[in-house]
Structure formats: C-alpha cells, structure tokens
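Structural overview for review
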Amino acid sequence: MKKYLAALLTALLLLCMALSAGAVGPALTATEAYCILDADTGLVLAQQNMNEELHPASITKVMTLGLACQKAQGNWDGVKLTVSHEDVYSLAGTDSSHIALQEGEEVPLQDALYGTMIASANDGANLLAEYFGGGTIEGGVAAMNAQVEALGLEHTHFANPHGISNDDHYTSCYDMAQILRWALEQPGFETVFTRNEMYTMQPTNIQPVTRYFSQQDKMRLHYSRYYIPAILGSKIGYTNIARYSYVCLAEQNGVRLICVTMQSQTKPDKYSDVRTLLEDAFARFTSYTDLPAKGLTEELEVVGGGGTLGRVTVTDPGVRLLLADGVTAQDVSVSLELPERYVLGASPEVYAVYTVSGGDKQESVSVRIPAVITGLDELLDEFKKYAVEGPQLFPDGMTTDQPDRQVVGEIVREKLLRNLDKEIPHGTAVEITRFIERDDEVIEVDATIYCEKASHKGIIIGKNGAMLKKISSMARADCEKFMGTKVFLTTWVKVKENWRDSDFLVRNFGYSE
C-alpha cells in the first residue's frame, strides 16, 4: 500500500508541475497539436495538446505496417497475400488512395508493405490487416486495438487499418509518437519507413502492368523547397475531417527525434510547422546526458505456487537522457515504481521513474525505464533444491479443464474489467447463450453482458456504441488466439438488478465451485 501511495503522490506532483509550467516549445496556431519525443527513451521534449483525441488519417498506417512487420519477423521472401473482395470493395465510394489491387490478385508481402507505406494505399492496408488479423480486416483492426492496449495508450482507438475518418477512429500526438517508437523496433519496419527511392512492383497473376511508387513527402525530396535533410522517414495523412497529419523520425548530430503533428489546416502550414518544431528541438537538445545509478534499492516479494518464495532486490539502472541545454543531471530525480509483489512467470513490472524538472527550458515530465532485479536466479536455484517433481495431472497441451464456452465468457469479462475497472469494477457477468462450431471451422458466439444498473449499461455501451465495440473487438481477437480459428462474436448488454445477491444467478453464471 505504501508503494502505491508513493506512486500516487508522484503522479499528483507531476500533474501539478505540468499544470503550472508554461509551454516550452513553439506555440503553433495553424496546427492543433504536436508532440516531440526522444526516439530512444520516449521522453517528451515539447508538446502542444499532445493528448487531444483527433482523426489521424493515413498516419494510422504506422500501426498497420508495424504489426505486419512484427508478424513477418523479417521473412518477406516467398510470402504472397491474396486480395479479397473486401480489400477492394469496402473502399467503394471513399475516393481512397490505392494501388489498383484486384480481387484474387496474389501480391508479394514486400510489395504490399511498400505500396501501403509509399503510395499510402488503402487497399494495401486492408490486405495487410487480413495478413496479421487472421484473414479478416476486422481481425486486423482488433489486433491494432490490442496493441494499443499492450502499449498502455489511453487516447487511441482504431476502426480501420487505413485512416479513413470515422467517429470511432482517433488517436493523439503522444500516442502516435509512442506507436512509431514501438514500430521502429519491429524487424524491417525502419527499412520500409525510411525508403526514399522509387519502388517498382512487378506484374502479378492478374495485373499485367508494372506499378511504380514514388515518395510523396516533399520534406524528404532534396529538390523541393520544403526539404528537411534531418528527416529520415515519415508518413503523411489527409482527410477533409482530419486535415493534415504527419509523423516522422529525424536525426541530427546523433540526436534522434520523433515528431508528430495533427490537424494542420493546409499543406504549407504543415511544412512550416514541422520545420519550426525540428529546428527548435535540434537547437535546444544537442547531446545526451549520462545519469549513473544513484543506488536506490527496494525489496520485492516473489510469490509462486501458492506461496511466498522469497525476496529480490530492485535498483535503479542509470539512464542516458536527452536534456535541453541548461538542464543538468541535478534537475532529474529518480524513484522506483514496484508492484505489491512479483508473481513468478509474469512480466516484472518494476521501473525506475526519472523525472525532469525542466523549468522554462524543457517539459517537466517523467519517463519509465525498466529497473534492475538482482537475486532472482539465486532464489530460484535455492528453491529448486527443495522442489520435488510431482505426477503429471493433466495431458500434454491441456491449458484448462473448463469448457471452451466458459473460457470465452471469461475472456469477454476480462476485457470488461480492463476497460471499465474504475467505472464498474465487479458488477458484471457474462453468459454465453449461443456457441456453434460450423462445418467451415468458424465458431459463432453470442454473449450477453449483465450489469446491475441502467446507468452501467450506458457506460458499457459507450457513446455511439464505441465502448461495447472496443470490448467486443478485443475479446474476439483473444478468443481467436485461444480457439485457433475464426470467431464471430456478437454481444448484448442487459440489466439484471442485484444479480450478485442471488445464489441462483451467481451459480448460473458459473461463479461458484
């Protein structure tokens, strides 16, 4: 409890600092929001309305390309994707950018990646979404939102893989910057993202002509008056609603930055504002500062197998931060962020939190760096001396003794708790009313979500059904991973007052022994 209280007080302090500090980056008027990060650590260097939820347009494709590269793991050779009817005809009437894919066309993965990146092809984005989404665009979108959750982003939800404006499709400058940081870690993504040369797509089984994709970002064309040499890679976006959006990776004198702008009113506004932001950032942030470990230590209980195994030591690791000229190591404080206990086998959520007090020179923000755990190997070695191998209680490959429909219900409920733990912490139950395995191996599931109050029903459904759609998409993606096949999930929300007070209903929902 003390650790959580300390973390809460730290968060409140940071909030007060953020509210009291004035803007330290350029104040833009023709661009609604921006965020500049250190590409290495994710530290926010300058921002304006960075958490405002806005329509992203085609910078959406950073997530789409990142997930495709993650799935491929750099193995592009010989991988071909078949264009579906939906890839093409779901875009009818949208005036989409495209590369003229045709239903039944067999497209090399590499061509789909570069066509989506350089030509900003919406049909290419659909094709990639099917590739990493289990064969459907909907599955791809669910995977995108699952990755948003995994990254801990709070101001992003995707409704499609390409960026056509939709009320349920939004992100923020900060979230998009972090998405690019993650994508740059995926095998092959940076190669695709930074390519400036024309790309040639050879004829396919259906399309007899050769297709050529050329760089569209004038800030990356050396003959353009808008050229900025520091920009290594970028993705541009535009719709009438979103206006002009932009995300880029830039480097100068060894300093690597990620810059995101959203809702620039005109192209010249975008060009001018991106130049202003990068010139300002590279002028103020000229080198990295090494901060050695300060020797902070805390002990953390390790549990597993139903009991306490022992304790390990957590320490701050030291870090290399990008600090503005005039900001020194003395302006950075560090604290440790630990859970109540570490469950063996789970990811250790232990961090050193470095907080920069930048005054009028730099954003006063914090960044979390994985802390160092010592003593775990020794603890496990000691434990193994006393561990006796017991009989095998379950067959190989068995993950649970519960029926599939019960597991699916719990997956839906888990997504409810993850998304609404503050609003409706425990007052929900899920009943699977229909579970059919079709001959084509597709599983159809109907799930009814029960809550105790009418007001809770509105929260679960959300504005225009957005929350229920988000929960359903996330649940369906996990159900498909568990079942190993395509799942059609339909959800309803019903009110059943005080259901937790009824032993019959509690048993009926499967929550008793």
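Structure shown above.
Residues numbered from 1 in each chain as written. Predicted model: local features only at pLDDT ≥ 70, side-chain atom pairs only at ≥ 80, totals over all residues. Heavy atoms only, no water.

1. Observations concerning the pattern of salt bridges
- A complete count under the given rule lists 20 salt bridges for this structure.
- As a salt-bridge pair, Glu138 and Arg476 come within 4.0 Å of each other at their nearest N and O atoms. Residue Glu138 is found in helix H6 (residues 137–150), and its partner Arg476 is found in helix H13 (residues 466–483); the two are separated by 338 residues along the sequence.
- When the shortest N-O distance is used, the salt bridge between Glu444 and Arg438 registers 2.7 Å.
- You can call Glu444 buried: its relative accessible area is 16%. (Salt bridge = Lys/Arg side-chain N within 4 Å of Asp/Glu carboxyl O. Helix = DSSP H or I, 4+ residues; strand = E, 2+ residues; numbered from the N terminus. Buried < 20%, exposed > 50% of the residue type's maximum accessible area, 1.4 Å probe, protein only.)

2. What to know about the layout of surface pockets
- Of the pockets and cavities examined, the second largest pocket occupies roughly 620 Å³.
- For the lining of the second largest pocket, the elements supplying multiple residues, two or more each, are strand E7 (231–239) and helix H9 (267–284).
- In terms of residue count, the dominant contributor to the lining of the second largest pocket is E7 (five residues).
- Its residues placed into classes, the lining of the second largest pocket shows seven nonpolar, 13 polar and seven charged. (1 Å grid on protein atoms, 1.4 Å probe; cavity = no way out; pocket = protein on both sides within 12 Å on 5 of 7 lines; lining within 4 Å. Points joined across faces, edges and corners; volume = space filled by probe spheres on them. Nonpolar A, V, L, I, M, F, W, Y, C, P; charged D, E, K, R; others polar.)

3. Some points on helix H2 (residues 61–72)
- The end-to-end C-alpha distance of H2, which contains twelve residues, comes to 16 Å, matching closely the 16 Å that a straight helix rising 1.5 Å per residue would cover.
- Here H2 has its buried residues at Lys61, Val62, Met63, Thr64, Leu65, Gly66, Leu67, Ala68, Cys69 and Ala72.
- Trailing H2 by a residue or two, Gln73 shows a phi angle of about 55 degrees, which is positive. (Expected span 1.5 Å × (residues − 1).)

4. Points about the packing of aromatic side chains
- Within the structure shown, the criterion is met by six aromatic pairs.
- An angle of 10 degrees between the planes, with centres 6.0 Å apart, marks the rings of Tyr199 and Phe213 as stacked. You can see Tyr199 sitting in strand E5 (residues 199–201) and its partner Phe213 sitting in strand E6 (residues 211–213), a full 14 residues away along the chain. For the pair shown, Tyr199 and Phe213 are each scored as buried.
- Grouped by ring-pair contacts, the aromatic residues Trp76, Tyr114, Tyr199 and Phe213 constitute a single cluster.
- Note that Lys71 overlies the ring of Tyr131, its terminal NZ or CZ placed 5.3 Å from the centroid.
- When the ring centre of Tyr114 is taken as origin, the NZ or CZ atom of Arg195, which lies over that ring, is 5.2 Å away. (Phe/Tyr/Trp six-rings, centres within 6.5 Å; stacked < 30°, edge-to-face > 60°. Lys NZ or Arg CZ within 6 Å of the ring centre and 35° of its normal.)

5. Structural notes on empty space enclosed by the protein
- This structure, assessed with the given rule, holds one cavity of 30 Å³ or more.
- In this model, the largest cavity occupies a volume close to 50 Å³.
- Every residue along the wall of the largest cavity is listed here: Met117, Ile118, Gln215, Gln216, Asp217, Ser234, Lys235 and Ile236.
- Of all elements in the fold, only helix H4 (109–118) and E7 reach the threshold of two or more residues within the lining of the largest cavity.
- Counted by class, the lining of the largest cavity contains three nonpolar, three polar and two charged residues.

6. Overview of the environment of Asp446
- In this fold, Asp446 is placed in strand E20 (residues 443–451).
- When the C-alpha positions of Asp446 and Thr433 are compared, they lie 5.6 Å apart, and in sequence the two are 13 residues distant.
- In this structure Asp446 touches Glu431, Ile432, Thr433, Arg434, Thr490 and Trp492, once residues within four positions along its chain are discounted. (Contact = heavy atoms within 4.5 Å.)

7. Brief notes about the environment of Gln70
- By secondary structure assignment, the location of Gln70 is in helix H2.
- Exposure remark for Gln70: the relative accessible area of 30% places this residue in the partly exposed category.
- Sequence separation between Gln70 and Phe132 is 62 residues; the distance between their C-alpha atoms is 8.8 Å.
- The residues touching Gln70, leaving out its near neighbours within four places in the chain, are Gln147, Trp182 and Gln186.

8. Details of the pairing of E7
- Sheet analysis places E7 next to strand E8 (residues 243–252), joined by eight bridges and oriented antiparallel. The residue of E8 that forms the bridge with Tyr238 is Tyr244.
- In sequence, E7 turns back onto E8 through a hairpin of three residues. (Pairing = 2+ DSSP bridges.)

9. Re H6
- Taking 1.5 Å of rise per residue, 14 residues should cover 20 Å, and H6 covers 20 Å from first to last C-alpha, within 8% of that figure.
- Taken across its 14 residues, H6 has ten buried, putting it largely inside the fold.
- At its buried positions, H6 is contacted by H2, helix H3 (85–89), helix H5 (122–132), helix H7 (173–183) and H13.

10. So, the side chain of Asn126
- Among the structural elements, Asn126 can be located in helix H5.
- The buried category is assigned to Asn126, whose relative accessible area is 1%.
- Apart from the residues lying within four places of it in its own chain, the contact partners of Asn126 are Glu86, Asp87, Ser90, Leu91, Ile137, Pro161 and His162.

11. Description of the nonpolar core
- Core analysis: the biggest nonpolar cluster contains 110 residues, and Leu321 and Tyr354 have the highest contact counts within it.
- If near-sequence neighbours (up to four positions away) are discounted, Leu321 is found in contact with Thr41, Leu43, Tyr288, Thr289, Leu291, Val332, Tyr354, Val356 and Val367.
- Leu416, Leu420, Ile424 and Ala447 belong to the second-largest nonpolar core, a separate cluster that totals 24 residues. (Core = buried A, V, L, I, M, F, W, Y, C linked by side-chain atoms within 4.5 Å.)

12. Comments concerning the sheet that holds strand E15 (residues 342–343)
- Taken in spatial order, the four strands line up as E15-E11-E12-E18 in an open sheet, and their pairing is mixed. A strand with exactly one partner marks an edge of an open sheet, and here the two such strands are E15 and strand E18 (372–374).
- The pairing of strand E11 (residues 297–304) with strand E12 (residues 307–315) spans eight bridges and is classified as antiparallel. Note that in E12 the partner of Glu298 across the bridge is Val314.
- Along the sheet, helix H10 (residues 376–386) contacts E11, E12, E15 and E18; its crossing angle with E12, the most-contacted strand, is approximately 160 degrees. (Axes fitted to C-alpha atoms, helices over the stretch in contact; angles between N-to-C directions.)

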